[in-house]
Amino acid sequence: MPAAVTDEQNRVDREALLDAAEKLFYENGIQVVGMDQVRAASGLSLKRIYRFFEAKEDLVVAMLERRDRRWRGSLAAHVEQVPDPRERVLAIFDWLAGWFAEPGFRGCAWINAHGELGPSSAAVLAEVRAHKRAFHEQIDNWVRATGLPVAEPVYLLAEGAIVTAGISGDPAPARQAREAVEALLGRS
């Protein structure tokens, strides 16, 4: 009889599975990646994978949830180290510029997932909307600290820069959006 799988081994295997799925889905798209590719990349059997996630859709949602925590956490760590509220808002776009310039940048994982599965998967659509709400709330909090009523345009400029950079493959939209936000905030 095989030894029981420990909680730690479950945690390690689940993370390896999510790492493999995130890399494959982000680089190639969700629909084109089969579960056999996820199995090969993760090193886990299909039986083990389906013990973690009953369906591919469940794996996609879990991957997006985890990516959201990492992505927004990284953004917050960068932005919140800046003491001045106005400069903190501008730091959003500095962080975006760095992300856009990363090798393998393919745009927003949530917009990509929505484009592939949003119309047909209520669970994916709910996760995409949850991410966008949370990102909006982050920006709203940072902008509110400036005392200026410009959170919505700042959010739209950030989202527009993400989409434009994802499509064009050029990190310049972060700089361009930053310049527009500087004008909204007024130069000090």
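Residues numbered from 1 in each chain as written. Predicted model: local features only at pLDDT ≥ 70, side-chain atom pairs only at ≥ 80, totals over all residues. Heavy atoms only, no water.

**Student:** It is not clear to me how the pattern of salt bridges should be interpreted in this structure. Could you clarify?
**Tutor:** Opposite charge on two side chains lets them pair, provided their charged atoms get close. According to the stated counting rule, one finds 18 salt bridges in the structure shown. Measuring nitrogen to oxygen at the nearest pair gives 3.7 Å for the salt bridge that ties glutamate 15 to arginine 70. Residue glutamate 15 is found in helix α1 (residues 7-28), and its partner arginine 70 is found in helix α4 (residues 56-79); the two are separated by 55 residues along the sequence. When its relative accessible area of 25% is taken as the criterion, glutamate 15 is described as partly exposed. Classification of arginine 70 by relative accessible area gives partly exposed; the value is 43%. A salt bridge links aspartate 68 to arginine 72; its shortest N-O distance comes to 2.8 Å. With aspartate 68 and arginine 72 both in helix α4 and 4 residues apart, this pair spans about one turn of that helix. (Salt bridge = Lys/Arg side-chain N within 4 Å of Asp/Glu carboxyl O. Helix = DSSP H or I, 4+ residues; strand = E, 2+ residues; numbered from the N terminus. Buried < 20%, exposed > 50% of the residue type's maximum accessible area, 1.4 Å probe, protein only.)

**Student:** I would appreciate a short explanation of the side chain of glutamate 159 in the present structure.
**Tutor:** Here glutamate 159 is to be found in helix α8 (residues 151-168). Only 2.9 Å separates the side chain of glutamate 159 from the side chain of lysine 132, close enough to count as a polar contact. Not counting residues within four places of it along the chain, the set of residues in contact with glutamate 159 comprises Ile111, Lys132 and Phe135. (Polar contact = N/O pair within 3.5 Å; in protein donor to acceptor, adjacent residues only side chain to side chain. Contact = heavy atoms within 4.5 Å.)

**Student:** Help me understand the packing of helix α5 (residues 85-100) against α8 in this model?
**Tutor:** Each pair of packed helices can be described by the angle between their axes along with the distance between the axes. Running from amino to carboxyl end, α5 crosses α8 at an angle of 10°, the nearest separation of the two axes being 11 Å. By the angle between their axes, α5 is roughly parallel relative to α8. Across from Val89, Phe93, Leu96, Trp99 and Phe100 in α5, the residues of α8 making contact are Val154, Leu157, Ala158, Ala161, Ile162 and Ala165. A breakdown of the residues in the contact of α5 with α8 according to their chemical character gives 11 nonpolar, no polar and no charged. (Axes fitted to C-alpha atoms, helices over the stretch in contact; angles between N-to-C directions. Parallel < 35°, antiparallel > 145°, perpendicular 65-115°, else oblique. Nonpolar A, V, L, I, M, F, W, Y, C, P; charged D, E, K, R; others polar.)

**Student:** Explanation requested: the nonpolar core in the structure shown.
**Tutor:** One broad rule of soluble globular proteins: the nonpolar side chains tend to lie buried together. Judged by nonpolar contacts, the single largest core of 57 residues is most densely connected at Val38 and Leu96. Every element with two or more residues in this core is listed here: α1, α2 (35-42), α4, α5, α6 (109-117), α7 (122-144), α8 and α9 (172-185). Non-local contacts of valine 38, meaning those with residues more than four positions away in its chain, are made with Leu17, Ala20, Ala21, Leu24, Phe25, Val33, Ile49 and Leu59. (Core = buried A, V, L, I, M, F, W, Y, C linked by side-chain atoms within 4.5 Å.)

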